[in-house]
Amino acid sequence: MKKNILVTGGTGFIGSHTSVELIEAGYNVLIADDLSNSDISVVDKIEQITGIRPTFVKVDLSNAELTHRLFEQEQIDAVIHFAAKIYVDESVRQPLLYYKNNLCGLLNILQEMKNFGIKNLVFSSSCTVYGVADQLPVTEQTPIKPATCPYGNTKQISEEILHDMTLSSPLKAVILRYFNPIGAHSSALIGEVPKGVPQHLLPYITQTAMGIRECLQVFGNDYQTKDGTCLRDYIHVVDLAKSHVAALSYLFDNQDNNLFDVFNIGTGEPYSVLDVINAFESVTGLKINYKMATRRPGDVEKIWANPTKAQQILNWKAQHTLSQMVESAWKWQQYFSNQNKKP
Ligand code: WQD
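Attention in this report is confined to the structure presented alongside it. (Residues numbered from 1 in each chain as written. Predicted model: local features only at pLDDT ≥ 70, side-chain atom pairs only at ≥ 80, totals over all residues. Heavy atoms only, no water.)

### Brief notes about the site of the ligand
Turning to step 1, where the next piece is worked out: For the ligand, the set of nearby residues contains 20 residues, the closest of which are Tyr151, Leu201, Gln217, Arg232 and Asp299.
Turning to step 2, where the next piece is worked out: Contacts to the ligand include Ser126, whose side-chain N or O atom sits 2.9 Å from an oxygen atom.
Turning to step 3, where the next piece is worked out: Measuring from an oxygen atom of the ligand, one finds a side-chain N or O atom of Arg296 at 2.9 Å.
Turning to step 4, where the next piece is worked out: Alone, the ligand offers 680 Å² of accessible surface; in the complex the protein occludes 91% of this.
Turning to step 5, where the next piece is worked out: Ranked by residue count, the leading element in the shell around the ligand is strand 8 (residues 216-219), at 4 residues.
Turning to step 6, where the next piece is worked out: The residue inventory of the shell around the ligand, partitioned by class, reads 11 nonpolar, 6 polar and 3 charged.
Turning to step 7, where the next piece is worked out: Residues lining the shell around the ligand come from more than one domain, with at least three contributed by each of domain 1 (4-182 + 235-265) and domain 2 (201-231 + 269-312 + 319-339). (Near = heavy atom within 4 Å. Polar contact = N/O pair within 3.5 Å; in protein donor to acceptor, adjacent residues only side chain to side chain. Areas by Shrake-Rupley, 256 points an atom, 1.4 Å probe, with all protein chains shown as cover. Helix = DSSP H or I, 4+ residues; strand = E, 2+ residues; numbered from the N terminus. Nonpolar A, V, L, I, M, F, W, Y, C, P; charged D, E, K, R; others polar. Domains from an automatic or database assignment.)

### Re the layout of surface pockets
Turning to step 1, where the next piece is worked out: Roughly 230 Å³ of volume is contained in the second largest pocket.
Turning to step 2, where the next piece is worked out: Along the walls of the second largest pocket sit 17 residues, with Glu192, Pro194, Gln207, Trp332 and Gln333 positioned nearest its centre.
Turning to step 3, where the next piece is worked out: Put simply, the parts of the chain that give the lining of the second largest pocket at least two residues each are helix 7 (201-209) and helix 11 (322-339).
Turning to step 4, where the next piece is worked out: Counting residues per element, the lining of the second largest pocket draws most heavily on helix 11, at 5 residues.
Turning to step 5, where the next piece is worked out: In terms of residue class, the lining of the second largest pocket is made up of 9 nonpolar, 6 polar and 2 charged. (1 Å grid on protein atoms, 1.4 Å probe; cavity = no way out; pocket = protein on both sides within 12 Å on 5 of 7 lines; lining within 4 Å. Points joined across faces, edges and corners; volume = space filled by probe spheres on them.)

### Description of the side chain of Glu140
Turning to step 1, where the next piece is worked out: With respect to the helices and strands, the residue Glu140 is situated in the loop between strand 5 (120-126) and helix 6 (150-168).
Turning to step 2, where the next piece is worked out: Within the structure, the side chain of Glu140 is placed 2.7 Å from the backbone nitrogen of Asn264, a separation counted as a polar contact.

The structure is reproduced here in structure tokens:
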């Protein structure tokens, strides 16, 4: 009997890739999304890739009544909770929107899981909880630092809420702390769709290569790194998606009623901004027009994961190289631009 997985935020960048991997791993997928930062056509693309159409429900999870109805209408064995607002700068400008949406959404999900006796939750967290890390690479024991923005704070508070819930109820929770997800599915049918001007590096690079953006600004080349630009742990979104399938198996196989576990989901390999630009140029043969600019407020100089714990306990390891990541992102940009060409 196939298990039913509720994927909140399942039409988003990471949620859609995870829905594909879940279906291909033999799960039934129910996507709940408010479509505030994604498009319903993603459901068609998931069906095109897998041959199976996930169930879809449009819902605002910060609304308790609507969330209750969602759980009433479907039999759910586990929840993977992606649904959240994710933009650092937007969260600084609109903290109430972020605390309401991200925290009320989680609280409503947890209330309904309690009401319906659903015990298994995978939560989408972020390496931003480490702030300026005391040690590199970061392990899951690296101290959490005070959040530098409301977005990061919602992730930290959510982790604390989940920990408390596992101590006082049958809830089992696995927290995945993502590093920098980039790239796209090999079909180029799904990928990252930035809202407005891309905040993240690779979508800005691919839009510059496509001629949508004039010039990429490299935010700072005076950091204490090999080439002066920031270091990050970039991870292929498909590798990241697969870590959720591994986390689900871990949950279903683990009978410990108070399971609460945290995993860094990264490659363990740091790359600089210039490394990413150079990789993109060598893979595509295109030159990226970029210039050095001042540092971006809020950026940490360097962070990358020690991914050993996920490798040992989840039996999961990132497989894709940086070249494969940037190549898949470029293929996606070409497909997306072609699909959205002005008539
Ligand atoms: C990467 C590097 C920039 C754009 C983000 C989220 C974080 C987490 C991971 C969810 C930095 C530089 C970028 C540009 C640049 N997501 N850059 N020019 O900030 O490391 O993390 O994704 O949890 O919350 O903030 O990713 O891609 O924005 O930046 O030079 O036009 O690229 O300064 O050094 P970031 P990013």
